[in-house]
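# Structural overview for review
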Amino acid sequence: MSTPLPAAVVSAFTPTGALRASINLGNPILANKDPASGEPVGVSVDLARAFARRLGVAIELMVFEKAAASVEAVRSEQADIGFFAIDPLRSEGMQFTAPYVLIEGSYLVPAQSPLQRNEDVDRTGTRIAVGAGSAYDLFLTREIRHAGIVRVQGAKGVMESLHAGQVEVAAGIRQVLEAEAASTPGLRLLPGRFMVIQQAMGTPASRGAEAGAALSAFVEEMKAGGFVAEALRRHHVQGASVAPAGFR
């Protein structure tokens, strides 16, 4: 049985009385809408509910279609916790736990593309579609020197850009791209990965070090106790793995 959290920590996370959790639907591995009820479901939703139970408060789910909007909700303190890929550009005004899940980022190209390796993509004249404000966008903006980056809305926009011939490469979650390649003739995944996303929980920095430590301890407990692994299985998630303890 977990030790109850100090009242000061509970208050830090719940200035409105409930725990407001920012849920990003832009990462379909970790959050989706249930087709029958329309309610948000997924690994991050399960973690949000578990943390609310730990605090002994009600949960309010704030759902966003894009990662950038989900991050901003927490940074502006409209939400109390969120679920984000760790990135230096997101650190201002935020404190992150260690990751609870690791997700591979990969490239999808037309079958006839001359591109064969991840290293081939960064060439003049190559256009890469990414979800605006996503972890892939932030990473590629730092790393790409010659190719162009085309920022669109979410994974759907990325696929539409590739199918329309507006880009030569689609960048995104490996599992999502694998499914697209399997269901659409004429596409192939480049081998390997160009990045590993470290998916973590976050809270506004203003909530204090004690709150940050409590959230970090919660994540480590959820990993060590099998909660995250079971959630991945329950939601039929492939292409993601539980992050090692204390992974940074």
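Anything mentioned here points back to the structure above.
The sections below set out a description of the structure shown in this document. (Residues numbered from 1 in each chain as written. Predicted model: local features only at pLDDT ≥ 70, side-chain atom pairs only at ≥ 80, totals over all residues. Heavy atoms only, no water.)

## Examining the packing of aromatic side chains
Applying the stated criterion across every chain, the model contains seven aromatic pairs. Pairing F13 with F51 gives two aromatic rings, centres 5.0 Å apart and planes at 85 degrees, and the pair type is edge-to-face. Highlighted residues: F13 in helix α1 (residues 7-13) and F51 in helix α2 (residues 43-55), separated in sequence by 38 residues. Judged by centre distance (4.9 Å) and plane angle (55 degrees), the ring pair of F51 and F218 falls under tilted. Placement of F51 in helix α2 and of F218 in helix α7 (residues 209-224) is noted, with a sequence separation of 167 residues between them. (Phe/Tyr/Trp six-rings, centres within 6.5 Å; stacked < 30°, edge-to-face > 60°. Helix = DSSP H or I, 4+ residues; strand = E, 2+ residues; numbered from the N terminus.)

## Thoughts on the nonpolar core
Membership of the largest hydrophobic core comes to 55 residues, with the highest contact counts inside it found for F13, I81, Y100, Y107 and I128. The greatest single-element share of this core, amounting to eight residues, is contributed by α2. For I81, the residues in contact, after removing those within four places along its chain, are F13, L19, R20, A21, S22, A48, F51, V74, M201, G202, T203 and L215. If you look at the next biggest cluster of nonpolar residues, it comprises eleven residues, including A129, V158, V167 and L189. (Core = buried A, V, L, I, M, F, W, Y, C linked by side-chain atoms within 4.5 Å. Buried < 20%, exposed > 50% of the residue type's maximum accessible area, 1.4 Å probe, protein only. Contact = heavy atoms within 4.5 Å.)

## What to know about empty space enclosed by the protein
What the rule picks out here adds up to two cavities of 30 Å³ or more. Roughly 350 Å³ of volume is contained in the largest cavity. Lining the largest cavity are 27 residues, and of these G26, N27, S134, Y136 and I173 sit closest to its centre. Here the lining of the largest cavity gets four residues from one element, more than from any other, and that element is helix α5 (residues 154-163). Of the residues contributing to the lining of the largest cavity, the split by class is 16 nonpolar, eight polar and three charged. Approximately 40 Å³ is the volume found for the second largest cavity. Here the residues of the lining of the second largest cavity are counted per class, giving three nonpolar, four polar and no charged. (1 Å grid on protein atoms, 1.4 Å probe; cavity = no way out; pocket = protein on both sides within 12 Å on 5 of 7 lines; lining within 4 Å. Points joined across faces, edges and corners; volume = space filled by probe spheres on them. Nonpolar A, V, L, I, M, F, W, Y, C, P; charged D, E, K, R; others polar.)

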